[in-house]
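Breakdown of the fold
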Amino acid sequence: EPAEALLCVESGRLLGYVLYGPQSDPRRPEPGELFELYVAPERARQGIGRRLMLAIAADAQLRGWQPLLAWAWVSNREAHKFYLAIGAEACGQRV
């Protein structure tokens, strides 16, 4: 099954997007995966990422892709804070 994309566009300008779909690693227990989440730097901390994540939640649930696994580099502290703030749980660390 291919990945899904959701875009956030304002006046023809891309402000953010999310790519999600079925788990890419069959060894993982989570049925879904968040492949990419992007918000334009100048629009960060304005709720775009949160709204994108809320918008895909129902669709992922209907497709049986919940919970979604999201990866973030260990050094990407902003991503860690964001995911924890929206209710994600840390599931491990790989360096």
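Below is a short write-up of the structure. (Residues numbered from 1 in each chain as written. Predicted model: local features only at pLDDT ≥ 70, side-chain atom pairs only at ≥ 80, totals over all residues. Heavy atoms only, no water.)

**Quick notes on the overall build of the protein**
Per the secondary structure count, the protein includes two helices and four strands. Each helix and strand of the protein, ordered N terminal to C terminal, gives the series β-β-β-α-β-α. In summary, the protein has a C-alpha radius of gyration of 13 Å against a globular reference of 12 Å for 95 residues, a match within 12%. For the protein, the C-alpha atoms occupy an extent of roughly 40 × 30 × 20 Å along the three principal directions. For the protein, with 95 residues in total, the buried portion stands at 25%. Residue pairs in contact within the protein that sit at least 24 positions apart in sequence constitute 46% of those at least 6 positions apart. Carbon and sulfur atoms make up 55% of the accessible area of the protein, which amounts to about 6,600 Å² in all. Taken together, the 11 basic and 11 acidic charged side chains of the protein have centroids lying 7 Å from each other. (Helix = DSSP H or I, 4+ residues; strand = E, 2+ residues; numbered from the N terminus. Rg over C-alpha atoms; globule rule 2.2 N^0.38 Å. Buried < 20%, exposed > 50% of the residue type's maximum accessible area, 1.4 Å probe, protein only. Contact = heavy atoms within 4.5 Å. Areas by Shrake-Rupley, 256 points an atom, 1.4 Å probe, with all protein chains shown as cover. Lys, Arg positive; Asp, Glu negative; His and termini not counted. Charge placed at Lys NZ, Arg CZ, Asp CG, Glu CD.)

**Quick notes on the pattern of salt bridges**
Across all of its chains, the model carries eight salt bridges by this definition. For R63, the salt bridge goes to E4, with nearest N and O atoms at 3.3 Å. Highlighted residues: R63 in the loop between α1 (48-62) and β4 (68-70) and E4 in strand β1 (residues 4-10), separated in sequence by 59 residues. Exposure remark for R63: the relative accessible area of 32% places this residue in the partly exposed category. With a relative accessible area of 25%, E4 lands in the partly exposed category. Because the salt bridges share partners, they merge into one network encompassing E4, D59 and R63. (Salt bridge = Lys/Arg side-chain N within 4 Å of Asp/Glu carboxyl O.)

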